[in-house]
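Survey of secondary and tertiary structure
Residues per chain are reported as follows:
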Amino acid sequence: MKFIVAVIKPFKLDDVREALTALGVSGMTVTEVKGFGRQKGQTEIYRGAEYTTNLVPKVKIEAAVPTELAPRVVEAIQQAAHTGAIGDGKIFIFDVAGTVRIRTGETNESAL
């Protein structure tokens, strides 16, 4: 199993969710986060005054998927979240040692 974490622009969340649902991803966790990478923050105008913020709003998506599905999930996220502009985000892929569904006690891929 693989654990995929993607940090994307907030307005791309629905596109990514639809792409993952189409692949059969049965669940994911979504968290609103703030951070920066090469963007180094951004400059905005609020009530006529310009100000700089060091942390940019993002959305973090986490999903555990079967190993054989992982490359397609990564590709789907990349295509759905792509705008071509700086700050499109990152995708991280981790190995999962095990999974347990608390309610039923199912383990590993049957717990997904």
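Parameters at a glance
- Residues numbered from 1 in each chain as written.
- Predicted model: local features only at pLDDT ≥ 70, side-chain atom pairs only at ≥ 80, totals over all residues.
- Heavy atoms only, no water.
- UniProt positions renumbered as here; feature names shortened; annotations may be inferred.
- Helix = DSSP H or I, 4+ residues; strand = E, 2+ residues; numbered from the N terminus.
- Rg over C-alpha atoms; globule rule 2.2 N^0.38 Å.
- Buried < 20%, exposed > 50% of the residue type's maximum accessible area, 1.4 Å probe, protein only.
- Contact = heavy atoms within 4.5 Å.
- Areas by Shrake-Rupley, 256 points an atom, 1.4 Å probe, with all protein chains shown as cover.
- Lys, Arg positive; Asp, Glu negative; His and termini not counted.
- Charge placed at Lys NZ, Arg CZ, Asp CG, Glu CD.
- Expected span 1.5 Å × (residues − 1).
- Arc of directions from axis to C-beta.
- Pairing = 2+ DSSP bridges.
- Axes fitted to C-alpha atoms, helices over the stretch in contact; angles between N-to-C directions.

- For the protein chain, an unreviewed UniProt entry supplies the name Nitrogen regulatory protein P-II and the organism Sandaracinobacter neustonicus.
- UniProt's Sequence similarities (unreviewed entry) comment on the protein chain is quoted here verbatim: "Belongs to the P(II) protein family."
- Listed in UniProt under the heading Subunit (unreviewed entry), the comment for the protein chain reads: "Homotrimer."

What about the overall build of the protein chain?
- A tally of helices and strands in the protein chain yields two helices and six strands.
- Shown N-terminal to C-terminal, the secondary structure of the protein chain runs as helices and strands in the order β-α-β-β-β-β-α-β.
- Its C-alpha atoms give the protein chain a radius of gyration of 17 Å, clearly above 13 Å, the size a compact globule of 112 residues would have.
- Structurally, the protein chain occupies a C-alpha span of about 55 × 25 × 20 Å along its principal axes.
- The buried share of the protein chain, taken over its 112 residues, is 29%.
- The long-range fraction of contacts in the protein chain, counting pairs at least 24 apart against all pairs at least 6 apart in sequence, stands at 72%.
- On the protein chain, roughly 7,400 Å² of surface is accessible, and the fraction owed to carbon and sulfur atoms is 53%.
- Here the protein chain holds 14 positive side-chain charges and 13 negative ones, and the gap between their average locations is 5 Å.

Examining helix α2 (residues 70–81)
- Compared with the 16 Å implied by 1.5 Å per residue over 12 residues, the 16 Å span of α2 between its first and last C-alpha is a close match.
- Among the residues making up α2, those that are buried are Ala70, Val73, Val74, Ala76, Ile77, Ala80 and Ala81. Seen end-on, α2 carries its buried residues on one side only, within an arc spanning 165°. Facing away from the buried side of α2, by more than 90 degrees, are the exposed residues Pro71, Gln78 and Gln79.
- Where α2 is buried, its residues meet β1 (2–8), α1 (13–23), β5 (56–65) and β6 (89–95).

So, the sheet that holds strand β2 (residues 29–35)
- Taken together, four strands build an open sheet; the order of strands is β2-β5-β1-β6 and the sheet is antiparallel. Across the chains shown, the open sheet's two edge strands, defined by having one partner strand only, are β2 and β6. On average, adjacent strands in this sheet sit at an angle of 20° to one another, irrespective of strand direction.
- Relative to β5, α1 is tilted by about 10°, and along the sheet it contacts β1, β2 and β5.
- α2 rests against β1, β5 and β6 of the sheet, and its axis sits at about 5° to β1.

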